[in-house]
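Observations on chain architecture
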Amino acid sequence: MRPLITVLAIGALLTAAGCATDEPTAVASTGASPQAGAGTGEQSKFFVQAQYDKELALLGATPAGPAGKPWEQVLDPKMVETAKFKKPGPYKICFSNAGLNNPWRQVGFKTMQAEVETHGSRIKEFVHVDAEGKDQKQIADINDLLGKGCDALIVSPNTTATLTPAVEAACRQGLPVVVFDRGVDSTCPVTFINPIGGYGFGHVAAEFITSRMKPGGKVLALRILPGVDVLETRWSAAKVAFDKAGADVVGVEFTDGDPAKTKKIVNDYIQRYGTIDGVWMDAGAVAVAAVEAFVDAGRPVPPINGEDQLDFLRQWKERKLTAVAPTYPTYQWRTPVLAALRILNGEPVSSPWKLPQPTITQDNLDEYIDADMPPLHYAVCGCRELPGYPERWR
Amino acid sequence: MRIAERRLLATRPHRPGTGGLVPILVLLAVLLVLLTVRQPDFLAPSSLMSFLGRSAPIIVLAAGQYFVIVAGEFDLSVGSLVTAQVVVAARLIDSEPSRTWPVVVLLLASGAAVGLVNGLVTTRLRVSSFITTLGMYLILVGAVYLWSDGAPKGGLSEEFRRFGRRAFEDVVLVGRLPFAVLVLLAVAVLAVLLNRSDFGRTLVAAGGNPRTAELSGVRVHHVKTMAFVLSGLAAAVAAILIGGYSGVSFQAGAGLEFGAITAVVLGGVALGGGRGSVVGAMLGALTLETLFTLMNFYGVPGALRTAVQGAIILLAVAVSARRSVRR
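Residues numbered from 1 in each chain as written. Chains lettered and ligands numbered in written order. Predicted model: local features only at pLDDT ≥ 70, side-chain atom pairs only at ≥ 80, totals over all residues.

1. Observations regarding the overall build of chain A
Applicable threshold: Put simply, DSSP H or I for four residues or longer makes a helix, DSSP E for two residues or longer makes a strand, and each gets a number counted from the N terminus. Here exposure depends only on C-beta density: within 10 Å of a residue's C-beta, 20 or more other C-beta atoms make it buried, 12 or fewer make it exposed, and intermediate numbers make it partly exposed, the C-beta atoms being placed from the backbone. In this description, a residue-residue contact is defined by the distance between C-beta atoms placed from the backbone, which must lie within 7 Å.
Secondary structure assignment for chain A yields 12 helices and 14 strands. Looking at chain A residue by residue over its 394 residues, the buried ones come to 54%. For chain A, contacts bridging at least 24 residues in sequence account for 75% of all contacts bridging at least 6.

This is the structure:
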């Protein structure tokens, strides 16, 4: 009996270990060496120079479109004709959503629902299907929606390659498809909407940190997990900036988005190196934990970047941090609804539709802090004038 | 009946004394020496205290897991229980200081309740505890996901967070004494007292040989259920400490059940039950945390942690299998 129990035990434990973490904590595929003196090791295999150059150029570009409404603006517009999709309203608009499994998507989806409301009777029905972060479910969802008489289909794909055939199948049905956030490997959607992107994010944060610390200062880079394209591009752009500035990147650690783990890691680095001169992060979720690690250790918080989540922005203001918050704005959830309506009205839209990607700095910090909103709210939501603000987002 | 029970207890293979603790103490000492070589100021009182403070949750969980494992069962639900409790606490407190204490009480009660369900399903319905607690793990993950729409809401009050984050400053000798260390001490004392009480002894007997224990008048079902309740309570305490240490997160309890079980077997407690001490289990947890800190200081990628944990479990099982063959 004992050996059987033992075998079962091992099996169960390994299974438990497997499901305990939603994301693979797997190996550091980018090979970033933690002890790099000059340079941060090999560049990520996700790095594409041309794309990097393009995004950095867009950071300085002036958007076309109405001032103060970045969700309607376009960087470097390339208009396409949509006359063939013109039809009389009101419309039934369908949305296949990759998931609602993080605060960013929660805020975004609420913003999208509010945007739909602003159009009143022009949209007779808005159908939302949540794929719960599963490719297979989203493929089935899109397939189901094709039989539901949608006038336009909005897709936020869970993963790029796997969802491409499903999106192409939708295009073949002749209905206009609008893709946003993550893309697909196909030109069949009428347009693809997203902000500047990961290189822009990583670059802005790294440039800020290197500009605020002494040359050759010690930088700790905290990443969520390896192998995800949007996060890899952020890190690869930061790498370029750190190498150029001759920063001493003393560590590149994966936090799994776990604040407790983040705090322990930062704590260990503070002990190991005495001082850390800058902290770079590929996403803001654990920025507050990193700040707390310095505060709880009784050390000054070095230049750091977060994202536009309110908990970080409040810490920044309260503790007078030297900080910056590049964003991946949630207002991009408004744009697909606008785009779908324009397409159904036969108006030309830009394809791709590159949205501006604002950066929160010391100068505009106060504009984004809203005392009424919960800590995990994303400030750059473009939602303040939308119906139901602020209750809907709480 | 009385005599039989006494004899049974007298012939237990290991007293929860010092004998079984030598290997884990040696291992801990070796790791601490290696750590000090790399990081001489690690043993400074203030840094040692902060290390103990941040390790407190896993040590508390190991103590809870000890009672279950020594009784011959497993509790795989503690990790998701911790996550559930942190997320629930944040939503209920919603940054409102006055709700702190009621929520603390609620967490302890719900932790015990989850343990009670695990215990009753395992003992009364005779479902293997792997399946019971794996099921509970999945139920809790799903319930939290559903209840929170997949993303945590609300926030923890500073009053709630101080248990895991704040400290008494300027304490003689140690400098800074984290509240978490005090909580840990209290849990450790309670755990040792329980382990030495009649309950602790009957629990070990029930794990070592349930049939003999049953025949000797031990209410096996009862003590095993209590063990699950203790594990649930430990998870609640750990949730309060973790939520305090790092705030609300969906990752709060990820993988903790695995860490706790590894710690327990590392501390010399036999998988399958009947052998080991709660002090060993807690030292096992401390050793595991020391090992991870050491790996971090030596620049070993954090991804290796899981592999190391797996290796420890396999090794422990192999050793314990050999021992039981010899017996």
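2. So, the overall build of chain B
Note the cut-off: Atoms considered for the radius of gyration are the C-alpha atoms alone. The globule rule reads 2.2 Å times the number of residues to the power 0.38.
Check the secondary structure of chain B and you find 14 helices and 2 strands. Over its C-alpha trace chain B gives a radius of gyration of 20 Å, about what one expects of a compact globule, namely 20 Å for 327 residues. By its C-alpha atoms, chain B is 55 × 50 × 35 Å across when sized along the principal axes. Relative to its 327 residues, chain B shows a buried fraction of 54%. In chain B, once contacts between residues fewer than 6 apart in sequence are set aside, the share between residues at least 24 apart is 82%.

3. Details of the pairing of strand 8 (residues 248-254) of chain A
Residue and element names in this part refer to chain A. Basically, it comes down to this: Only when DSSP finds a minimum of two bridges between them are two strands counted as paired.
Burial within strand 8 is extensive, with 6 of its 7 residues counted as buried. Inspection of the sheet shows strand 7 (residues 218-223) paired to strand 8 by 6 bridges, in the parallel sense. When the sheet's bridge partners are listed, Lys218 is paired in strand 8 with Asp248.

4. Concerning the sheet that holds strand 6 (residues 191-195) of chain A
All names here are of chain A. The condition that has to hold: For helices, the fitted axis covers only the stretch in contact; all axes are lines through C-alpha atoms, and the angles between them, taken along N-to-C directions, range from 0 to 180 degrees.
Taken together, the 6 strands give an open sheet; going across it, the order is 3-2-4-5-6-13, and neighbouring strands pair in parallel fashion. Since the sheet does not close on itself, it has two edges, and those belong to strand 3 (123-130) and strand 13 (353-355), each with one partner. Within the sheet, the average angular offset between the axes of one strand and its neighbour, ignoring direction, is 15 degrees. As paired strands, strand 6 and strand 13 are joined by 3 bridges and run parallel to one another. Across the sheet, residue Asn194 finds its bridge partner in strand 13, namely Lys354. Where helix 4 (residues 135-146) meets the sheet, it contacts strand 2 (91-97), strand 3 and strand 4 (152-156), and its direction lies at approximately 170 degrees from that of strand 2.

5. As for the nonpolar core
All names here are of chain A. Definition in use: Put simply, a nonpolar core is buried Ala, Val, Leu, Ile, Met, Phe, Trp, Tyr and Cys residues tied into one set by C-beta atoms within 7 Å. Domain boundaries shown here were taken from an automatic or database domain assignment.
Residues Ile93, Ala152, Val178, Ala290 and Ala340 are the most contacted members of the largest nonpolar core, which totals 111 residues. The residue makeup of this core includes at least three contributed by each of domain 1 (25-53 + 198-326) and domain 2 (78-194 + 330-355). Those residues within four positions of Val178 in sequence are excluded, and the remaining contacts are Ala152, Ile154, Pro189, Val190, Thr191, Ile193, Pro336, Ala339 and Ala340.

6. Some words on unusual backbone geometry
Geometrically, the link from Gly89(A) to Pro90(A) is a cis peptide bond, its omega value of -10 degrees lying close to zero. For Pro90(A), the position within the fold is in the loop between strand 1 (79-80) and strand 2. Residue Ser351(A) is joined to Pro352(A) through a cis peptide bond whose omega torsion reads -5 degrees. Here the phi dihedral of Asp170(B) falls at roughly 55 degrees; this positive angle occurs in a residue that is not glycine. In this structure Asp170(B) comes out as exposed when scored by C-beta crowding, with 9 C-beta atoms within 10 Å.

7. Looking at the domain arrangement of chain A
Taken domain by domain, chain A consists of domain 1 (25-53 + 198-326) and domain 2 (78-194 + 330-355). Placing a centre on the C-alpha atoms of domain 1 of chain A and another on those of domain 2 of chain A gives a separation of 33 Å.

8. Describing helix 9 (residues 287-296) of chain A
With respect to burial, helix 9 of chain A is a largely interior element, 9 of its 10 residues being buried. Residues of helix 9 of chain A that are buried: Ala287(A), Val288(A), Ala289(A), Ala290(A), Val291(A), Glu292(A), Ala293(A), Phe294(A) and Asp296(A).

9. What to know about the confidence of the model for chain A
To keep it simple, the criterion reads: For every residue, the predictor reports its confidence as pLDDT, a number between 0 and 100.
Residues of chain A with pLDDT of at least 70 account for 90%, and the chain-wide mean is 88. Below a pLDDT of 50 lies the segment residues 1-38 of chain A, which in the model reaches 69 contacts outside its immediate sequence neighbourhood of four places, other chains included.

10. Description of helix 13 (residues 278-297) of chain B
Residue and element names in this part refer to chain B. Just so we agree on the cut-off: To estimate how far a helix should reach, multiply one less than its number of residues by 1.5 Å.
An ideal rise of 1.5 Å per residue puts 28 Å on 20 residues; helix 13 measures up with 29 Å between its terminal C-alpha atoms. Burial analysis of helix 13 places 18 of its 20 residues in the buried class, the great majority of the element. Downstream of helix 13 by one or two residues, Gly299 has phi in the positive range, about 75 degrees.

11. What to know about the packing of helix 8 (residues 259-273) of chain A against helix 11 (residues 220-246) of chain B
The description of two helices packed together rests on the angle between their axes and the distance between the axes. Counted only if it meets this: Any angle that falls under 35 degrees is termed roughly parallel, while one over 145 is termed roughly antiparallel, one within 65 to 115 roughly perpendicular, and all others oblique. The hand of a helix crossing depends on one turn: near helix anticlockwise from the far one by less than a right angle means left-handed, and clockwise means right-handed. The classification used treats Ala, Val, Leu, Ile, Met, Phe, Trp, Tyr, Cys and Pro as nonpolar, Asp, Glu, Lys and Arg as charged, and all other residues, Gly among them, as polar.
Running from N to C, helix 8 of chain A and helix 11 of chain B cross one another at 60 degrees; their axes reach a closest spacing of 8 Å. The pairing of helix 8 of chain A with helix 11 of chain B is recorded here as oblique in orientation. Handedness of the crossing formed by helix 8 of chain A with helix 11 of chain B: left-handed. Residues Pro259(A), Ala260(A) and Lys263(A) of helix 8 of chain A touch helix 11 of chain B, and the partners they reach there are Ile242(B), Tyr245(B) and Ser246(B). By residue class, the composition of the contact of helix 8 of chain A with helix 11 of chain B is 4 nonpolar, 1 polar and 1 charged.

12. Some remarks on the pairing of strand 5 (residues 177-180) of chain A
Successive residues of a regular strand alternate their side chains across the two faces of the sheet. Residue and element names in this part refer to chain A. The criterion, for reference: The path from the first strand over the helix to the second decides the hand: if it runs clockwise while the strands point away from the viewer, the crossover is right-handed.
Alternating residues of strand 5 divide into Val177 and Val179 and Val178 and Phe180, and every residue in both groups is buried. Here 3 bridges tie strand 4 to strand 5, and the two strands are oriented parallel to one another. The residue bridging Leu153 from the neighbouring strand is Val177, located in strand 5. Taken together, strand 4, helix 5 (residues 160-172) and strand 5 form a β-α-β motif whose crossover is right-handed. Bridge count for strand 5 against strand 6 is 3 bridges, and the pairing is parallel. By the bridge assignment for strand 6, Phe180 is matched with Ile193.

13. Some remarks on the environment of Arg176(B)
All names here are of chain B. Within the secondary structure, Arg176 sits in strand 2 (residues 175-178). Residues Arg176 and Ser46, spaced 130 residues apart in sequence, show a C-alpha to C-alpha distance of 5.6 Å. Among all residues touching Arg176, those that are not within four sequence positions of it are Ser46, Met49, Ala167, Glu169 and Val171.

14. As for the environment of Ala290(A)
All names here are of chain A. Its place among the elements puts Ala290 in helix 9. What makes Ala290 buried here is the crowd of 28 C-beta atoms within 10 Å. Separated by 16 residues in the primary sequence, Ala290 and Gly306 have C-alpha atoms spaced 9.7 Å apart. Leaving out residues up to four positions away in the same chain, Ala290 has contacts with Leu222, Thr262, Val266, Val279, Met281 and Ile304.

15. Concerning the environment of Leu190(B)
Residues and elements named next belong to chain B. Considering the arrangement of structural elements, one finds Leu190 in helix 8 (residues 179-196). Leu190 gets classed as partly exposed once you count the C-beta atoms within 10 Å, which come to 14. Taking C-alpha positions, Leu190 is 22 Å from Phe51, a pair spaced 139 residues apart along the chain.

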